[in-house]
Each structure stands twice: as structure tokens, then as C-alpha cells.
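Listed here are the chains, written in short residue letters.
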Amino acid sequence: MEKDSSMSSLTRFWFIVTMLVGTFTMSISQSSLSTAYPTLMNYFGVSADTIQWLTTGFMIVMCITMPISPWLLNNMSFKKLFIGALLLFDVGTLIIFYGSSFLIVMLGRVMEAAAVGVLFPSYQTVLLEITPEKKRGTIMGVAGLVMGSALACGPIISGIFLKFTTWRGLFVFFMVVITIILGLSFFVMRDVMPRIETKLDWLSIFYSLGLVGLLYVITEIGKSGTDWLILGIILLISIIMLALFVHRQLTIPDPLLDLWVMKSFNYDLAVLLTGFSYISLIVVTIIFPLYYQGVLHVSPFISGMALVPGATFLSILNPLTGTLADKIGFKPTMLIGMTMIVLGWGLLSILTISDIWIMIGIAMLIEGGNAFVMMPAVTLGANSLPNPLISHGTAVITTVRQVLGSTGVAVATLVLVDFTKHASLSGKSLVMANQFGFHAVYWTFFGIAVIGFIIALLIKNTQNDSE
């Protein structure tokens, strides 16, 4: 079936706005519960290890559904796909709102995550499809509001709702916005993608479940009382399943996820660069509130509000950096961003900071750098591929970014806990031990940022291969 390309400028505007607002709202839910953990632990009577699965499980389910998005785009009307994702998210949120037990709430989170996992790569593919290559940087800069700003805004919005309502109030907000977007979708969404119908490869889906085991091992590594034998077995099985998944995608005629996109070295560099940038962003949103509360001794509400300047700066820069990339090129833009990120982590590594305003300034530097890197890298990666492979390329980038982000959080947590414990056992005071642990985290991610800078130096500006 042919795509519907006959959109007026007004319809195109509302098409993009509806898609971005819907995806932005759904994306906020990924990181929104971190500030609500103590409240939810008390309400459901569960431990911290259990409650964190509301976020960890969300990320795992996202990773499982992301590889399916290219097949859905090829076999379904985008309008139906978008509306279906909104409905799934809305129903999941409704289940959470009425949930009387942790397991019911977890079911709702799984439904939300499945919707976000399908929509996250899809909206990027659609934007790239309907935008001329010369303007892709600008429009994907706007799309960066969804990817980066939503992650940064999640804890902030959650903190505000928790201060003035119960935890259920947050999900009322999600339902209201998504229901409005759902209503608009029936009028403004169009089927803009070409249809290439293929049979769904269920064996590939089964093999992709290896991601569940891999992410589970990553999240469990840093916890006390870890059963290393069980984790080792799970890791081995997961690696075998993922190896079978890769082999199958490279050998069957109609792969679920066309991994041949990775034969382009420039695309591979773009994948790594957007992943490294995402690691810095997600670690800042998780580690900085812990520093504010554990070292600077501010309230949870203040620690959440301290994220506002960085999130605002990121939101303002995203559209501007997209336009900049169109004008001066993607590589110079990304080098600016990686320089900001390296500088931010470097300052944290060498300074002992006791002023929250200095921390906020450094957070703005790192998050601002992310605006110069993440979406330009996605766009450059897409420009390295032929048009028919863009949906597969964005799905690979989004999945790898999510896995790297989860790994970054696990590494940050492991380093913080282990180095703080070691310093405490060596006789340091609690404050000094905390400082030692956080500095170990800062040095770790300074090293990762330097690697990202080197990747930005290696990457090349490219034209779309379809030309």
C-alpha cells in the first residue's frame, strides 16, 4: 500500500506536534518513578530492590519491543500503529491508577513500556521519512526534545506531583494528556510510510528475549548478596540467544531487524556516539539527585527541582543544535557537544563541590552537550543508510542506546556503592566516604566521555546512501 504523502502544511504541522507531544508524554514515564520510590515502597510494603523493577522492568520491556518496530512500520498503517500504542499506554496507565498491589502496577508498567518501545524508534523513522535530508538536522533537533528532555523532565514532574498530590496523581496526568492526543490522532495522523508486507518471524522474537537476561544481569551485578553462579548461567544463555538472533537476522530473507545496516562503519560510530551521550544524560539524572541528598543534604523536592535548569537548557538547545548541524555539519556540532560533556565530567572529577548551584551549572553543561550529540548522531547515522533501511537503523540505534544507558546506570551504581563502602571501611567519615564514592563515579564517566570524544573525531559527515 502506498503512503499518504498529500499533507497540507497545516496538517503536517499538527501531525508532527501530535506525534511529538504523545511520544514525549509517554517517554516521561520511563524516568518519572525514581523520586516516588520511597512513597511506593511504603504504600505497597515492598523493598527497594523490588520497587526499582517498576523502572528496570520498563527499560527491559522497551528493549524487547524496539526490534519489532521496523516490522510493524512495514506491515501496519502508521495511523493505526500510533493510535494502538496510545491505547495500550492509556490502558496500562489506567491499570496502574487502580492498582491495589505491586504486581498489578507492574502489569500496567509492562503495557506502558511495550507502547513506548514500539513508538520510540517509529516516530524517529517517520520524521526522517517525511523530512528532506537538508532539513533533517533541524526536525530531529526538535525530536530531541522527546528523547533527551523527557528523560530529564521525568523526575522533576514526578517530584512536583508528589508534593501536591498522591502518587496516583502522576498517572492521572499521563492519562489526561494521552487521551487528548488520542482524540487528535483520529483527525491529524496519516499513513506516511510505504508498506512492504512480510511474515513476522517469531523465532527471531524468541531469540531477542536474550536481551531480557542480559539487562537483568546488568541490573543485578551491583547488588549485595548476588548469586554469581545463577547470574553467570543467565548471562551465558542470554549471550547464546543473542548470538542466534544476530545469525538469523543476517541469514534469513526478511529479517525482523536488518543488522546489515551495521556494515557501514560511519553508522556504527553514530550508534556508539548516541549511546555514550545517552549514558551521560541518564547518569546525571540519577546520580546528581543522590549527591544533592546524600552529600549536600537537601530535601527530595529540592533535589528534583535542581534538575530543572539542566532539563530546560537541554530543551532550549535541542532544536537549535539541529539547525546548527544543518548549517555547519554534523561532525563539528557533535565535537562541540562532546567537548562540553568531557569538560563537565572533568570538572566534577577534580573539584570537591559543596555548592548546589555549581552542581546545577555542571549538570547544565553535560546535558547541554547531550543536545549537540544525541540527535545529530541519530540523523547522521540515518544519512549513512539507504532510505529502505532507515527504520531498521533507528531501531538498532534506539535499542543499543537503551542497553548502554542501562549499563551506564548499573556501572554508576556499582562504582558508587563499592568505593563508598571501601572508603568507609578504611576509616573515613560518612561524608568523606560519600565524596570518595561520587568522585570514583565522576572519574569513570570522564573516561567514557573521552572515548566518546575520540569517536566524534573519527566520524565523517555523509550523504544519504540512497543518492
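Our structure's up above, just so we're on the same page.
Cut-offs and rules
Position numbers for residues count from 1 along each chain, tracking the sequence in the order it is written. Local features in a predicted model are, by the rule used here, given only for residues with pLDDT of at least 70; side-chain atom pairs are given and counted only at 80 or more, and totals for whole chains, interfaces and linings are based on all residues. Heavy atoms from the whole structure form the basis of all side-chain values; hydrogens and water molecules are not counted. A pair of aromatic rings is counted whenever rings of Phe, Tyr or Trp (Trp by its six-membered ring) have centres within 6.5 Å, and the orientation is called stacked for planes under 30 degrees apart, edge-to-face for over 60 and tilted otherwise. By definition, any uninterrupted DSSP run of H or I lasting at least four residues is a helix, any uninterrupted run of E lasting at least two residues is a strand, and each is numbered from the N terminus. Working rule: Lys NZ or Arg CZ, within 6 Å of ring centre, within 35 degrees of ring normal, means a charge sits over the ring. Each residue is assigned to one of three classes by its accessible area relative to the maximum for its type, calculated with a 1.4 Å probe on protein chains only: buried under 20%, partly exposed between the two thresholds, exposed over 50%. Salt bridge, as applied in this entry: a Lys or Arg side-chain nitrogen positioned within 4 Å of an Asp or Glu carboxyl oxygen. Axis lines are fitted to C-alpha atoms, over the contacting stretch for helices. Their N-to-C directions set the angle, which ranges from 0 to 180 degrees. In what follows, roughly perpendicular refers to angles from 65 to 115 degrees, roughly parallel to angles under 35, roughly antiparallel to angles over 145, and oblique to any angle outside these ranges. Handedness of each helix crossing follows the sense of rotation of the near helix against the far helix: counterclockwise by less than a right angle gives left-handed, clockwise gives right-handed. Each residue is assigned to one class: nonpolar for Ala, Val, Leu, Ile, Met, Phe, Trp, Tyr, Cys and Pro, charged for Asp, Glu, Lys and Arg, and polar for all the others, Gly among them. We call two N or O atoms a polar contact when they sit within 3.5 Å, provided that within protein one can donate a hydrogen and the other can accept it, with sequence-adjacent residues counted only if both atoms are side-chain atoms. Helix span, as expected, comes to 1.5 Å for every residue beyond the first. At any given residue, the bend is defined as the angle formed between two axes, one fitted to the seven residues that end at that position and one fitted to the seven that begin there. Grouping buried Ala, Val, Leu, Ile, Met, Phe, Trp, Tyr and Cys residues that are joined through side-chain atoms within 4.5 Å yields what is termed a nonpolar core. Working rule for contacts: check all heavy atoms of both residues, and any pair within 4.5 Å makes them a contact.

Engineer: I'm lost on the packing of aromatic side chains in this one. Help?
Structural biologist: Any two aromatic rings considered together are summarised by their centre-to-centre distance and by the angle between their planes. Applying the stated criterion to the full structure yields 22 aromatic pairs. On the basis of an interplanar angle of 70° and a centroid distance of 5.5 Å, the ring pair of tyrosine 43 and tryptophan 167 is categorised as edge-to-face. Of this pair, tyrosine 43 sits in helix H2 (residues 37-44) while tryptophan 167 sits in helix H9 (residues 167-188), placing them 124 residues apart in sequence. The rings of Tyr43, Phe44, Phe89, Phe161, Trp167, Phe171, Phe173 and Phe174 are connected pair by pair, giving a single aromatic cluster. Cation over ring: arginine 401 sits above tyrosine 278, and NZ or CZ is 5.8 Å from the ring centre. The ring of phenylalanine 436 has lysine 428 lying over it, and the distance from NZ or CZ to the ring centre is 5.9 Å.

Engineer: Where do I start with the environment of valine 417 in this structure?
Structural biologist: By the element assignment, valine 417 lies in helix H18 (residues 390-425). We classify valine 417 as partly exposed; its relative accessible area is 39%. With 24 residues separating them in the primary sequence, valine 417 and valine 441 have C-alpha atoms 9.8 Å apart.

Engineer: I'm lost on the pattern of salt bridges in this one. Help?
Structural biologist: As a working rule, side chains carrying opposite charge can pair if their charged atoms are close by. The final tally for this structure, using the stated rule, is two salt bridges. Residue arginine 109 is joined to glutamate 112 by a salt bridge in which the shortest nitrogen-to-oxygen separation is 3.1 Å. Taken as a pair, arginine 109 and glutamate 112 lie in helix H7 (residues 102-130) at a separation of three residues, close to a single helical turn. Of the residues examined, arginine 109 reaches a relative accessible area of 0% and is grouped as buried. Two residues, arginine 248 and aspartate 201, come together in a salt bridge whose shortest N-O distance is 2.7 Å. Of this pair, arginine 248 sits in helix H12 (residues 228-251) while aspartate 201 sits in the loop between H9 and helix H10 (202-208); the two residues are 47 residues apart in sequence, bridging distant segments of the chain.

Engineer: Is there a simple way to explain the packing of helix H16 (residues 330-350) against helix H17 (residues 356-383) in this structure?
Structural biologist: Pairs of packed helices are described in terms of their axes, by the angle between the two and the distance that separates them. For the pair H16 and H17, the least separation of the axes is 8 Å and the interaxial angle reads 150°. The pairing of H16 with H17 is recorded here as roughly antiparallel in orientation. The two elements H16 and H17 meet at a crossing, and its hand is left-handed. Each residue belonging to the contact of H16 with H17 can be placed in one class, and the counts come to 19 nonpolar, eight polar and no charged.

Engineer: Explain the side chain of threonine 25 to me, please; I cannot follow it from the model alone.
Structural biologist: Tracing the backbone through its elements, the reader meets threonine 25 in helix H1 (residues 9-31). A distance of 2.9 Å separates a polar side-chain atom of threonine 25 from the backbone oxygen of valine 21.

Engineer: So what exactly am I meant to see when it comes to helix H13 (residues 265-294) here?
Structural biologist: Quick reminder: α-helices carry 3.6 residues per turn. Residues three or four places apart thus point the same way. Here H13 contains 30 residues, and its C-alpha end-to-end distance of 43 Å stays within 8% of the 44 Å for a straight helix at 1.5 Å per residue. The sharpest bend along H13 measures roughly 30° and falls at valine 284. Within H13, 24 of the 30 residues are buried, which leaves the element mostly enclosed by the surrounding structure.

Engineer: I'm lost on the nonpolar core in this one. Help?
Structural biologist: Generally speaking, soluble globular proteins have nonpolar side chains that are buried together. In terms of nonpolar packing, the biggest core is built from 79 residues, with Phe15, Met19, Phe78 and Val126 touching the most fellow members. For this core, the element with the highest residue contribution is H7, accounting for 14 residues. Leave out the neighbours within four places in its chain, and methionine 19 touches Phe78, Phe82, Tyr123, Val126, Leu127 and Met189. Judged by nonpolar contacts, the second largest core, of 55 residues, contains Leu273, Ile353, Met359 and Phe438.

Engineer: Even after reading the chapter, I still don't get the packing of H18 against helix H19 (residues 430-458), so can you show me in this structure?
Structural biologist: At a minimum axis separation of 7 Å, H18 and H19 run at an interaxial angle of 145°. The way H18 lies across H19 gives a crossing that is right-handed. Each of Gly408, Val411, Ala412, Val415, Leu416, Phe419, Thr420, Ala423 and Ser424 in H18 lies in contact with H19, whose residues at this interface are Ala433, Asn434, Phe436, Gly437, Phe438, Ala440, Val441, Thr444 and Phe445. When grouped by side-chain class, the residues that make up the contact of H18 with H19 number twelve nonpolar, six polar and no charged.

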